[in-house]
Amino acid sequence: MFRTTASYFPRIGLKREYKQNLESYWEKKISKEEFVSNMQEIQKHRLDVYSKSGLDYIVCNDFTYYDFMLDLSFMFGCIPERFSHIQDELDLYFAMARGDSKAQAQEMTKWFDTNYHYIVPEFDGHFELKNNTVLKNWLEDKKLGYDTTPVIIGPFTFISLGKINDNNKWLKPSQTKEFRSLLLNVAKQYNALLIQLQENGVRRICFDEPAFVLDYDKSFLKDIFDAYEIVKKNIFLDITLNSYYESLSYFNEIIENINFDTLGLDFTFRENVENVIKFGLPKNKKLQIGLIGTRHPFKDNLNEAKQLIELVQKKLSLSSDQIILSTAGPLMHLPVSLELENFDPKISNKLLFAKEKLQHLNLLKNILNGRSDYDFSDEQLEKDENYEETLLTIKKLNPKRAHPFKLRYIEQVKSLNLPKFPTTTIGSFPQTKELRQKRSQFISGKISESEYNQYINDQIKYIVKLQEDLGIDVLVHGEFERSDMVEFFAQKLEGFLCTKHGWVISYGSRAIRPPIIYGKVKRTKPMTIKEIVYAQSLTKKPLKGMLTGPITILNWSFTRPNVPKEVIAYEIALALKEEVMDLQKANIKIIQIDEPAFREGLPLKESKKKDYLEFASKIFRFVVEDVDKLTQIHTHMCYSEFDEIVNYIYEMDADCISIEASRSKGDIISSFEKFKYDHAIGLGVWDIHSPRVPSVEEMLEIAERSFMYIDKNLFWINPDCGLKTRKYEEVIPSLKNMIEAAKILRKKYGEKIEVVL
């Protein structure tokens, strides 16, 4: 009989119970005991969903109070010294993620090619199994009557995605000579963890090693094999080795040298299928096949899945008992359920969220186990269109700004009357409880459109005056009319479906509702002009028109798996190009086109990266190629590693880019050490993902470090991201410190920008 498993069911909750519980605790509205009890109730519900969906192997340890990588750091004693003043364990845990008044939070960055952010472990070479939270979670679930399989991020992924301080510079462990010792040392703690599990009756465990799909150096294989020998010493548990997001690198070496019982692969990547057929599996091993997609909400083709599984089963001579069916990756990248949505049945019949994906997985199992009444025609997506002509058009594109940067920038600076070290923010200002209530009242019809618009205008008026009073040089309108930077545009473009409860966690309690692109994308009317023009009318200072870029709208939306992503991005770009020109006609002198997800879509395999990056840069230039030389184009990027993409960012040819630098204390500037970036840049000097107010000195430290590689005449002062999730009591003092930092820099280095051709 075929069996099933899946993991990382969304923790957000159908009605965002997780978010409400976290934020209530942070705001001291509930006690620690209430917080823990509420979290246990959320976990009970998740286990119940797993059970009722028909999973044969229910997992545990895929639920976290903030982040699963942070859980590992905490469990293995990877706690930076700067948090030593905190005695309470829960306070310490959250301080590592969010910072406190005395210590800066740990760095946060993207999890592979997803929109999830993890807390980056900081290593000093010492590991200690402080408390076995994996065992604790398993025992708690056992009390509830569930015989679960713990899932845990494996040692290679844990070490590979951390960082270590080498001569006062933070580096990836793989970039240092310490990698092997770190991996082997932490392997001993994994072994201690497994021994405790084994002694308490655990029978199966799953190691998730998504880093096994990366293009790491082959010389690391020996380190990996030696580490797993340590991990498995005196261990008799049934071990699954699972990878996802891409095809397994060094397939044959891995299966021959790591002693596992089950190999889990993402079969949505054809190379995994080809390698399994080519190399086979060691005798008596099982295969966990991931075929139910977790990166899109559309129905998976069960007929194709059935045929593929039967092919692999025949080629490898595997019995059904040797095959475990699974989702292709973690379910956390999908919304919880379709239950509370009210879509057109013609569309909803084609969709599956996480809960429905589990049901679909169970259906696949039943079909393979003999169910014969399923009509495969019910699951088909619409017939594929012919996209060859559009793809050819995209290939022929060669967009280019009419004037070189330095010529543009000199004239822009004069026209905009910008001082040296111009200050700005990224776009959004706090979305208060009152604002969210007004939006909800408008949507539900409790207040009229004119009442709502007047409220939005009042907020814009307030924020423009606040920025002027603070002394900010380039203003924004605050984005009060926007619920989310992608959803806002999805609601105004054809071809998008927006959800009411389709929340997906991005980090901590922060969740977004990715829209679903189900048809051709078209712009039918202006999207941002009204609010931007009104805001600009309130001030003589330049004010930025705010747009979300085509790659970010693409990557932060769910797309149909049968449509080339280049085609969808091109359709979005055409719409944005029209909006840019309308903003310019409305005399908006600065237009910011945010691309925080530029790197997020970067393929994990080296062989696929160049085509993606060239396309992403080209499609951005396509949006702005027709603007006047006096129209200053900005872009913004979030937590990313820039070393391998800085030249492609340069090719976007934006006049100014703002990027994160605060949590890493400006370490990101090393990306510009070898590549001379001679366009304007604003390295974020303030971490907005933490509630703490950064000091003037902290901001100056980041700026001064940046001047080693970045021209002072091209340097902007800004936060590292939008202020939407923060409170005004944090924002206002932080902005005051930011303005003070800029004043100090001007006093030291001069008031006027001096651009030399």
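Colleague: How do you make sense of the overall build of the protein when you look at a structure like this?
Modeller: In terms of regular secondary structure, the protein is built from 26 helices and 23 strands. Taking 757 residues into account, the globule formula puts the C-alpha radius of gyration at 27 Å, and the protein, at 26 Å, falls close to it. In terms of overall dimensions, the protein has C-alpha extents of about 75 × 60 × 50 Å along its principal axes. For the protein, buried positions account for 62% of its 757 residues. Long-range pairs, those at least 24 residues apart, make up 78% of the contacts in the protein between residues at least 6 apart in sequence. With an accessible surface of roughly 30,400 Å², the protein has 47% of that area assigned to carbon and sulfur atoms.

Colleague: Honestly, the sheet that holds strand β2 (residues 59–60) in this entry has me stumped. Any pointers?
Modeller: Sheet strands pair by backbone hydrogen bonding; their relative direction is either parallel or antiparallel. Judged by pairing direction, the sheet is parallel, and its 8 strands sit side by side in the order β1-β13-β12-β11-β10-β9-β6-β2 without closing on themselves. A strand with exactly one partner marks an edge of an open sheet, and here the two such strands are β1 (3–5) and β2. Summarising the sheet, β2 and strand β6 (residues 149–153) pair through 2 bridges and their orientation is parallel. Pairing of Cys-60 across the sheet is with Pro-150, part of β6.

Colleague: Sorry, what's going on with the packing of aromatic side chains here?
Modeller: By convention here, two paired aromatic rings are described through the distance between centres and the angle between planes. This model, assessed by the stated rule, comprises 41 aromatic pairs. In this arrangement the basic side chain of Lys-163 is found over the ring face of Trp-170, its NZ or CZ atom lying 4.8 Å from the centre.

Colleague: Would you explain the pattern of salt bridges in this entry?
Modeller: Where charged atoms of side chains with opposite charge meet at close range, the side chains can pair. Throughout the structure, instances matching the rule amount to 44 salt bridges. Here Lys-44 makes a salt bridge to Glu-41, at a shortest N to O gap of 3.1 Å. Here the residue Lys-44 and the residue Glu-41 both occupy positions in helix α2 (residues 32–52), the gap between them amounting to 3 residues, near one helical turn. Note that Lys-136 and Glu-140 form a salt bridge whose closest N and O atoms lie 3.1 Å from each other. On the criterion of helical spacing, the pair formed by Lys-136 and Glu-140 is a turn pair, its members being 4 residues apart in helix α5 (residues 133–143).

Colleague: I would appreciate a short explanation of the nonpolar core in the present structure.
Modeller: Most often, soluble globular proteins keep nonpolar side chains buried together rather than apart. Residues Phe-76, Trp-111, Phe-158, Leu-194, Phe-212, Ile-224 and Phe-267 are the most contacted members of the largest nonpolar core, which totals 146 residues. Per element, the largest residue contribution to this core is 10 residues, and it comes from helix α7 (residues 179–199). In this structure Ile-224 touches Phe-156, Leu-183, Phe-212, Tyr-216 and Ile-258, once residues within four positions along its chain are discounted. Counting residues in hydrophobic clusters, the runner-up holds 103 residues, among them Leu-435, Ile-551, Trp-556 and Met-699.

Quick notes on the rules
- Residues numbered from 1 in each chain as written.
- Predicted model: local features only at pLDDT ≥ 70, side-chain atom pairs only at ≥ 80, totals over all residues.
- Heavy atoms only, no water.
- Helix = DSSP H or I, 4+ residues; strand = E, 2+ residues; numbered from the N terminus.
- Rg over C-alpha atoms; globule rule 2.2 N^0.38 Å.
- Buried < 20%, exposed > 50% of the residue type's maximum accessible area, 1.4 Å probe, protein only.
- Contact = heavy atoms within 4.5 Å.
- Areas by Shrake-Rupley, 256 points an atom, 1.4 Å probe, with all protein chains shown as cover.
- Pairing = 2+ DSSP bridges.
- Phe/Tyr/Trp six-rings, centres within 6.5 Å; stacked < 30°, edge-to-face > 60°.
- Lys NZ or Arg CZ within 6 Å of the ring centre and 35° of its normal.
- Salt bridge = Lys/Arg side-chain N within 4 Å of Asp/Glu carboxyl O.
- Core = buried A, V, L, I, M, F, W, Y, C linked by side-chain atoms within 4.5 Å.

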